[in-house]
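The residues making up each chain are set out below.
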Amino acid sequence: MTQIEPGAIRSIAVVGGGTAGWMSAVLLNHALRGSDVRITVVESAEIGIVGVGEATIPPILDFLDLVGVDRDMFVRETQATIKLGIRFQDWKDVGEHYWHPFGSFGCVIDRRPFHHHLQRAAARGEPRGVVDFSLGAALAQAGRFTPPDPKAGLARAGLRYALHFDAALVARTLRKVAEGRGVERLERTVVETRRTAEGHVDALVFREGDRLAADLFIDCSGFRGLLIEGAMAAGYEDWTHWLPCDRAVAGPTALTGQAQLYTLSQALDAGWRWRIPLQHRVGNGYVYSSRHIEDQAALDDLARQVGGDFLAEPRQLRFTTGRRKAFWKGNVVALGLASGFLEPLESTSIHLVTSGLYKLLDHFPDRSFDPTNIAAYNAALIEEYDTIRDFILAHYCLSERRDTPFWRDVTSQPLPDSLRARIDLYRASGRSPCRQGDLFADVNWYYVLHGLGLRPRNPDPLTCLSDAQAVRGVLDQLASDVRGGVAAAR
Ligand SMILES: Cc1cc2nc3c(=O)[nH]c(=O)nc-3n(C[C@H](O)[C@H](O)[C@H](O)COP(=O)(O)OP(=O)(O)OC[C@H]3O[C@@H](n4cnc5c(N)ncnc54)[C@H](O)[C@@H]3O)c2cc1C
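Model, not experiment: these values are computed from the prediction.

A. How the structure looks around the pairing of strand S14 (residues 263-268). Within S14, 6 of the 6 residues are buried, which leaves it mostly tucked inside the rest of the structure. Burial along S14 is two-sided: Thr263, Ser265 and Ala267 facing one way and Leu264, Gln266 and Leu268 facing the other are all buried. Strand direction decides the pairing type here: strand S4 (residues 85-89) and S14, joined by 4 bridges, are parallel. If you follow Ile86 over to S14, its bridge partner there is Thr263. In this sheet, strand S15 (residues 271-277) lies alongside S14 in antiparallel orientation, the contact comprising 5 bridges. For Gln266, the partnering residue across the bridge sits in S15 and is Arg273. Between S14 and S15, which pair antiparallel and follow one another directly, the connecting turn spans 2 residues.

B. Empty space enclosed by the protein, seen in detail. Within the structure shown, the criterion is met by 3 cavities of 30 Å³ or more. By volume, the largest cavity is sized at about 40 Å³. The wall of the largest cavity is formed by Thr56, Ile57, Pro59, Ile60, Ser347, Ile350, His351 and Thr354. Tallying contributions element by element places helix H10 (residues 349-362) first for the lining of the largest cavity, with 3 residues.

C. Layout of the sheet that holds strand S9 (residues 201-206). Spatial strand order, S8-S9-S10: 3 strands in an open sheet with antiparallel pairing. Each end of this open sheet is capped by a strand with a single partner; those strands are strand S8 (190-195) and strand S10 (211-213). Geometrically, the sheet is characterised by an average inter-axis angle of 20 degrees between neighbouring strands, direction not taken into account. Relative to S10, S9 runs antiparallel, the two being bridged by 3 bridges. In the sheet register, Leu204 faces S10, and the bridge partner there is Leu212.

D. Representation of the layout of surface pockets. For the second largest pocket, the calculated volume is near 350 Å³. As for the second largest pocket, its lining consists of 16 residues, and the residues nearest its centre are Phe102, Gly103, Arg160, Leu439 and Asn444. Contributing elements (two or more residues each) for the lining of the second largest pocket: strand S5 (97-101) and helix H14 (442-451). It is H14 that provides the largest number of residues to the lining of the second largest pocket, a total of 3 residues. Along the lines of polarity and charge, the residues of the lining of the second largest pocket split into 10 nonpolar, 4 polar and 2 charged.

E. Fine view of the site of the ligand. Around the ligand sit 33 residues in total, of which Gly17, Val52, Ala55, Val190 and Ile350 are the nearest. In this structure, Thr19 approaches the ligand through a main-chain N or O atom, which is 3.4 Å from an oxygen atom. The backbone of Cys220 places a nitrogen or oxygen atom 3.4 Å from an oxygen atom of the ligand. Here the ligand, which alone exposes 1000 Å², has 97% of that area covered by the protein. Where the shell around the ligand is concerned, the elements lending two or more residues are helix H1 (19-31) and H10. Classifying every residue of the shell around the ligand by side-chain character gives 16 nonpolar, 13 polar and 4 charged.

F. Spatial organisation of the nonpolar core. Ranked by size, the top nonpolar core spans 131 residues in total, and within it Ile12, Trp91, Phe105, Ile218, Tyr286 and Tyr396 carry the most contacts. Per-element accounting of this core gives the leading share, 11 residues, to helix H11 (residues 371-397). Not counting residues within four places of it along the chain, the set of residues in contact with Tyr396 comprises Trp91, Leu243, Cys245, Trp272, Glu343, Leu345, Phe406, Trp407, Val410 and Thr411. Judged by nonpolar contacts, the second largest core, of 19 residues, contains Ala13, Val42, Leu212 and Ala326.

G. Representation of helix H6 (residues 135-142) in the model. With 6 of 8 residues buried, H6 is to be regarded as a mostly interior element. Buried residues along H6 sit against S5, helix H5 (130-133), helix H7 (153-157) and helix H15 (468-488). Positive backbone phi, at 70 degrees, marks Gly143, one or two positions downstream of H6.

H. Examining the packing of aromatic side chains more closely. All told, the structure shown has 23 aromatic pairs when counted by the stated rule. Both rings, one in Phe74 and one in Phe165, keep their centres 5.9 Å apart while their planes meet at 80 degrees; by these two values the pair is edge-to-face. Of this pair, Phe74 sits in helix H3 (residues 71-77) while Phe165 sits in the loop between strand S6 (162-164) and helix H8 (167-180), and the two are 91 residues apart along the sequence. You'll find Phe74 and Phe165 in the same group, each marked buried. On the basis of an interplanar angle of 85 degrees and a centroid distance of 5.0 Å, the ring pair of Trp99 and Tyr262 is categorised as edge-to-face. Of this pair, Trp99 sits in strand S5 while Tyr262 sits in the loop between strand S13 (247-253) and S14, placing them 163 residues apart in sequence. By relative accessible area, Trp99 is classed as buried at 5%. A residue is classified by how much of its surface remains accessible, and Tyr262, at 11% relative accessible area, is buried. When the ring centre of Trp239 is taken as reference, the NZ or CZ atom of Arg389 above it lies at 4.8 Å. Geometry around Trp445 places Arg422 over its ring, the cationic atom sitting 4.0 Å from the centre.

I. Quick look at the pattern of salt bridges. A complete count under the given rule lists 31 salt bridges for this structure. Arg71 is the salt-bridge partner of Asp65, the closest N and O atoms lying 2.8 Å from each other. Assessed through its relative accessible area of 40%, Asp65 is described here as partly exposed. A relative accessible area of 29% means that Arg71 is categorised as partly exposed. Arg323 is paired through a salt bridge with Asp386; the nearest N and O atoms lie 2.9 Å apart. Remark: Asp386 occurs in helix H11 and Arg323 occurs in strand S18 (residues 322-324); sequence separation between them is 63 residues. Taken individually, Arg323 and Asp386 each receive the classification buried, so the pair is uniform in this respect. One connected set of salt bridges, linked through shared partners, spans Glu43, Arg185 and Glu187.

Cut-offs and rules
Residues numbered from 1 in each chain as written. Predicted model: local features only at pLDDT ≥ 70, side-chain atom pairs only at ≥ 80, totals over all residues. Heavy atoms only, no water. Buried < 20%, exposed > 50% of the residue type's maximum accessible area, 1.4 Å probe, protein only. Helix = DSSP H or I, 4+ residues; strand = E, 2+ residues; numbered from the N terminus. Pairing = 2+ DSSP bridges. 1 Å grid on protein atoms, 1.4 Å probe; cavity = no way out; pocket = protein on both sides within 12 Å on 5 of 7 lines; lining within 4 Å. Points joined across faces, edges and corners; volume = space filled by probe spheres on them. Axes fitted to C-alpha atoms, helices over the stretch in contact; angles between N-to-C directions. Nonpolar A, V, L, I, M, F, W, Y, C, P; charged D, E, K, R; others polar. Near = heavy atom within 4 Å. Polar contact = N/O pair within 3.5 Å; in protein donor to acceptor, adjacent residues only side chain to side chain. Areas by Shrake-Rupley, 256 points an atom, 1.4 Å probe, with all protein chains shown as cover. Core = buried A, V, L, I, M, F, W, Y, C linked by side-chain atoms within 4.5 Å. Contact = heavy atoms within 4.5 Å. Phe/Tyr/Trp six-rings, centres within 6.5 Å; stacked < 30°, edge-to-face > 60°. Lys NZ or Arg CZ within 6 Å of the ring centre and 35° of its normal. Salt bridge = Lys/Arg side-chain N within 4 Å of Asp/Glu carboxyl O.

Keep in mind that these numbers describe shape and distance, not what the molecule does.
This is the structure in structure tokens:
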């Protein structure tokens, strides 16, 4: 064991044994391997986990690789399936759809990103679109998969995928990994927190009568935010006025036929539904606004859409979209649902757990808990949350649907200035500026804004300077590459 420096963190208590809690335990254990920092996860048998959260995005695989969790074992244990992207059905208008696939899209031509050339070509009458140039979208549509292969042409080299998995099995699998590596687990219910004179959390007091002291507390207690709100009163920024969906009803159905390789997101009268195929069942849910539809009507709608019996009683969940005003306060860091909740529309919640964890490592504290370090962490995560909020909101506000009160409301509301400016710029030039490290790059904005029918008035002027014939040749080559990738897949 490496001797720790005076003032270093000696013990970490993670409150919560859901996806966020066990991901935190596994990553912190990995990052602190070789030290004698004690990590304890506290989870309550009576409270349980939220039990949803089944669609991910590709960085989940990087997370597994980083912490040394074998992908094949993880897929087996969590009944996971491949996800190549999301099919957005009925969002632009009823009967229309678009894809938000993973992986590369074409190639850079004369230093201009591919989608700018495609916009230029489309303005000249080019009929091909996302499915012709994205192998992820083409495979998802064809129901076939082939692993990425750096030696098999651009399209296969750039292919990326994520997983659909069973949330309860994820917690169980990561728990097994963490415990096997020395993380301690306490099955207890926290009923009180002890605070120091300076307001830091000192110890957790359990209903069972004992207590746990630690230097650093990770709050993964779910929506209730037991420490970050209950003890530290961080405050919550409520985004319901932008993202009005505040409930979901979720129920599994049997898997019939082959599992689709994508998440289906279908817009409904007062929100949208997901369909997530796993190896052993299909996860379904309707995310809706309680101002626009009654709970029973939402359940009836979902039942109609899934076209089969639920395998278990559908569960109702309530939430308030938004985020904590501070994710880290004193010696408490909130991750997962305790940190906030954005709709699961783009599968960003679990990703925000990893992103928060990586940033925590970048700002790992000592026991002085320097406020400037904490402020830097909060600023970075707030920026990430707010940008993802804008991305999700774009799906609603740009819809052409006006067929129900819900769609009339979400398409007529005032927008955050940041999103308004982005949409105006895209309309003018097809550009969507992003910072390095942003989860959603300009091509992701392109998939969604283009999919919802937005067309720039003036595509990137520099694409005009590229030789049109040569660009056509590149497009043909890429489309052939994609067709070849689909043909080679099973
Ligand atoms: C409808 C819906 C759909 C979603 N879909 C997706 C999706 O497709 N993709 C995605 O990335 N995310 C999705 N999410 C979010 C995802 O479910 C969560 O981000 C993820 O499951 C992490 O949850 P958690 O661990 O923070 O909380 P939870 O799973 O709620 O775990 C909380 C833990 O805290 C413990 N606890 C609470 N209070 C106490 C106490 N007093 N004492 C001791 N222990 C306590 C509980 O025992 C439990 O172990 C969805 C969320 C919802 C609501």
